[in-house]
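# Structure assessment
Each chain, written out:
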Amino acid sequence: EPEVTQTPSHQVTQMGQEVILRCVPISNHLYFYWYRQILGQKVEFLVSFYNNEISEKSEIFDDQFSVERPDGSNFTLKIRSTKLEDSAMYFCASSTLGVDTEAFFGQGTRLTVV
Amino acid sequence: QQQVKQSPQSLIVQKGGISIINCAYENTAFDYFPWYQQFPGKGPALLIAIRPDVSEKKEGRFTISFNKSAKQFSLHIMDSQPGDSATYFCAASSMKTSYDKVIFGPGTSLSVIP
C-alpha cells in the first residue's frame, strides 16, 4: 500500500537553529500539506501546497516557516530560528484532489527544541 | 467560527459496547466532515466522512450521524473492540471558502476494555 514517508522520525535541535523536515508524498498525489500536533493537543493545519505554490496557510505559518518541493518527489518544511514552542509532532499529508478526498498522513516527525 | 468542538475528551467502553463521540461546529460554510483515527506513534488516518446532504453514513461498525440544523455530528462505534482503542478526531472543511484546510477537533481518547 502506498504511504507518505517522513524523515527524520525524531529531530532534536537547539533553539535558534534551522531545521528541515522532509516528506515523500504518495507519487500520484497532487496536494500536499503540513500539520502539527503539540503533545496532547489537536492537530493544527499549517499549510497546503498545490501546483508548486502555497494554496492556503494558517496564521501559525508565519515568516519563520517555508515549504518547498525541490525535486518533484520531496516536500519539505523549513523552520528558521526555532523556538521552544515549535516543539511538536509535524505531519505531512498528501491527497489526489484536495480536501474532500482522503488525505494520507505520514508517521510524523517529532521535533524537540531545547 | 473556525472551531470544531468535540466531547468527551476521553471515553472508556466495555468490549461489545457502543462508543459515541460528539462534535459541533459554528461555521455554516463547512461542507465536508471527516473522522480520523490515530494510534500512538502514527499519523491520523481517515476513518469515515460525510457531507451535509445526508443525515447518516455507515461503514461497517462505524456510523456518522449528522444534524445540519443543530450543526452537530457524531461518530458511533458499534460492538467496540480493544483494537478500536485510539484517539479519534472529528474534523471539518469548506470547499466553498477554504479548499485545502481541514480543521480538527481536540480529539477523544477511546479505551475499549475487555
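Before reading on, note that the structure itself is shown above.
Residues numbered from 1 in each chain as written. Chains lettered and ligands numbered in written order. Predicted model: local features only at pLDDT ≥ 70, side-chain atom pairs only at ≥ 80, totals over all residues. Heavy atoms only, no water.

The next point concerns the packing of aromatic side chains. In the structure shown here, the tally under the stated rule is 22 aromatic pairs over all chains. On the numbers, 5.7 Å between centres and 25 degrees between planes, the contact of Phe 61 of chain A with Phe 65 of chain A is stacked. Here Phe 61 of chain A matches Phe 65 of chain A in class, with each residue buried. Among the aromatic residues, those joined into a cluster by ring pairs are Tyr 33, Tyr 35, Phe 45, Phe 91 and Phe 105 of chain A together with Tyr 36, Phe 89 and Phe 104 of chain B. (Phe/Tyr/Trp six-rings, centres within 6.5 Å; stacked < 30°, edge-to-face > 60°. Buried < 20%, exposed > 50% of the residue type's maximum accessible area, 1.4 Å probe, protein only.)

Right, let's talk about the pattern of salt bridges for a bit. Evaluation of the coordinates by the stated rule reveals five salt bridges over all chains. One salt bridge in this structure joins Lys 101 of chain B and Glu 56 of chain A, with 3.9 Å as the shortest N-O distance. Pair noted here: Lys 101 of chain B is in strand E10 (residues 98-104) and Glu 56 of chain A is in strand E6 (residues 53-57), and the two residues belong to different chains. Overall, the relative accessible area of 18% leaves Glu 56 of chain A in the buried class. (Salt bridge = Lys/Arg side-chain N within 4 Å of Asp/Glu carboxyl O. Helix = DSSP H or I, 4+ residues; strand = E, 2+ residues; numbered from the N terminus.)

Residues and elements named next belong to chain A. Here Ser 95 is to be found in strand E9 (residues 88-95). With relative accessibility at 0%, the residue Ser 95 sits in the buried group. Ser 95 has contacts with His 29, Leu 30, Tyr 31, Tyr 33, Thr 101, Glu 102 and Ala 103, leaving out every residue within four places of it along the chain. (Contact = heavy atoms within 4.5 Å.)

Right, let's talk about the nonpolar core for a bit. Among the nonpolar cores identified, the biggest contains 25 residues, and Phe 33, Trp 35, Phe 73, Leu 75 and Tyr 88 of chain B are the most heavily contacted of them. When residues of this core are traced back to their parent elements, those giving at least two are strand E2 (10-14), strand E3 (19-25), strand E4 (33-38), strand E5 (45-50), strand E7 (62-67), strand E8 (72-77), strand E9 (86-94) and strand E11 (108-113) of chain B. Contact partners of Tyr 88 of chain B, with chain neighbours within four places excluded, come to Gln 6, Ile 21, Tyr 36, Gln 37, Leu 47, Leu 75, Ile 77, Gly 107, Thr 108 and Leu 110 of chain B. In this structure, Cys 23, Val 47, Phe 49 and Leu 111 of chain A belong to the second largest nonpolar core, which totals 22 residues. (Core = buried A, V, L, I, M, F, W, Y, C linked by side-chain atoms within 4.5 Å.)

Looking now at the environment of Leu 84 of chain A. All names here are of chain A. Inspection of the secondary structure puts Leu 84 in the loop between strand E8 (75-79) and E9. Judged by its relative accessible area of 47%, Leu 84 falls in the partly exposed class. For the pair Leu 84 and Glu 56, spaced 28 residues apart in the sequence, the C-alpha separation amounts to 25 Å. Beyond its immediate sequence surroundings of up to four residues, Leu 84 is in contact with Met 15, Val 113 and Val 114.

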